[in-house]
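Topology and contacts: notes
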Amino acid sequence: EAGVAQSPRYKIIEKRQSVAFWCNPISGHATLYWYQQILGQGPKLLIQFQNNGVVDDSQLPKDRFSAERLKGVDSTLKIQPAKLEDSAVYLCASSLSLAGGQETQYFGPGTRLLVL
Amino acid sequence: AQSVTQPDIHITVSEGASLELRCNYSYGATPYLFWYVQSPGQGLQLLLKYFSGDTLVQGIKGFEAEFKRSQSSFNLRKPSVHWSDAAEYFCAVGPTGTASKLTFGTGTRLQVTL
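Residues numbered from 1 in each chain as written. Chains lettered and ligands numbered in written order. Predicted model: local features only at pLDDT ≥ 70, side-chain atom pairs only at ≥ 80, totals over all residues. Heavy atoms only, no water.

1. Some points on the nonpolar core
Core analysis: the biggest nonpolar cluster contains 26 residues, and Leu19, Trp35, Leu47, Leu48, Phe74, Leu76 and Tyr89 of chain B have the highest contact counts within it. Looking at this core, the elements that each hand over two or more residues are strand 2 (10-14), strand 3 (19-21), strand 5 (32-38), strand 6 (44-50), strand 8 (64-68), strand 9 (73-78), strand 10 (87-94) and strand 12 (108-113) of chain B. A total of four residues in this core trace back to one element, the largest contributor, which is strand 10 of chain B. Those residues in contact with Leu76 of chain B that sit more than four places away from it in its chain are Leu19, Glu20, Leu21, Trp35, Leu47, Leu48, Phe63, Glu64, Ala65 and Tyr89 of chain B. One finds Leu32, Ile47, Ala82 and Cys92 of chain A within the second-largest nonpolar core, a separate group that totals 21 residues. (Core = buried A, V, L, I, M, F, W, Y, C linked by side-chain atoms within 4.5 Å. Buried < 20%, exposed > 50% of the residue type's maximum accessible area, 1.4 Å probe, protein only. Helix = DSSP H or I, 4+ residues; strand = E, 2+ residues; numbered from the N terminus. Contact = heavy atoms within 4.5 Å.)

Following this line, the structure appears as structure tokens:
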């Protein structure tokens, strides 16, 4: 079974530029998550989709971050414009369903972003 | 609000020695508890999880964890560490109910000396 795919693996941009990350979850997984992991910290949930609907985006900085999952499969996370503090690893995860929190989340390898 | 504390930022153990990584949580009821491992350049991999029942949970790679309600702890243990266990370990708490939002601790980096 293929895992969660993410691209690119690394990205270096200058502040105020735009960047987009792509995630393809495990086939059949209805729930998709985007996490931000700043160096020295644990992952922090940015947004959670169930199929193509948003379940939780309470920690997404909506003035600069946006995410979509139009067909309920793959997803794109965008930052526009980027700030220095956005330097982090962006992790995508998926699970079969919400199922009351019991579902295991499977993580992709992440995209490491450096904003100069 | 739920929270997780991993008091040890960095731990060094010798190969073959036993290991215990500490995790304390804050949650109003009995939460769902998880341990994940992250190797350099890799995503997170689930080691084990606790939902209910037996408080001693067995996971992959020889790891186990014990849920202690009275201490609000969910410590991870391994009787004999291998050099390949060197990685960062994250404890996470999730709410019971309909949502599945995980809150992670800050992680413990494990170094294994030969």
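2. Focus on the packing of aromatic side chains
Residues and elements named next belong to chain B. With the rule as written, the count across this model stands at 16 aromatic pairs over all chains. Centroid distance Phe34 to Phe51: 5.9 Å. Interplanar angle 75°. Geometry classified as edge-to-face. Remark: Phe51 occurs in the loop between strand 6 and strand 7 (56-58) and Phe34 occurs in strand 5; sequence separation between them is 17 residues. Accessibility classification places Phe34 together with Phe51 in one group, the buried group. On the numbers, 6.4 Å between centres and 85° between planes, the contact of Phe90 with Phe104 is edge-to-face. Of this pair, Phe90 sits in strand 10 while Phe104 is found in strand 11 (residues 103-104), placing the two residues 14 residues apart along the sequence. In this structure, Phe90 and Phe104 share a single accessibility class: buried. (Phe/Tyr/Trp six-rings, centres within 6.5 Å; stacked < 30°, edge-to-face > 60°.)

3. Observations concerning the side chain of Thr104 of chain A
Residue placement: Thr104 of chain A occurs in the loop between strand 9 (88-95) and strand 10 (106-107). What makes Thr104 of chain A buried here is its relative accessible area of 9%. In this structure the side chain of Thr104 of chain A is engaged in a polar contact, spanning 2.6 Å, whose partner is the side chain of Lys49 of chain B. Once you skip the residues sitting within four places of it in the chain, Thr104 of chain A turns out to touch Ser94 and Ser95 of chain A together with Leu46 and Lys49 of chain B. (Polar contact = N/O pair within 3.5 Å; in protein donor to acceptor, adjacent residues only side chain to side chain.)

4. Re the environment of Leu70 of chain A
Residue and element names in this part refer to chain A. Turning to its location among the elements, Leu70 is positioned in the loop between strand 7 (65-68) and strand 8 (75-79). Residue Leu70 is classed as exposed on the basis of its relative accessible area, which comes to 64%. Taking the C-alpha atoms as reference, Leu70 lies 16 Å from Ser94; in sequence the two are 24 residues apart.

5. A few points about the pattern of salt bridges
Within this structure, the stated rule accounts for seven salt bridges over all chains. For Asp86 of chain A, the salt bridge goes to Arg64 of chain A, with nearest N and O atoms at 2.5 Å. Note that Asp86 of chain A is positioned in the loop between strand 8 and strand 9 and Arg64 of chain A in the loop between strand 6 (53-56) and strand 7, a separation of 22 residues in sequence. The residues Asp86 of chain A and Arg64 of chain A share a single accessibility class, namely buried. One network of salt bridges, with partners in common, ties together Glu64, Glu66 and Arg77 of chain B. (Salt bridge = Lys/Arg side-chain N within 4 Å of Asp/Glu carboxyl O.)

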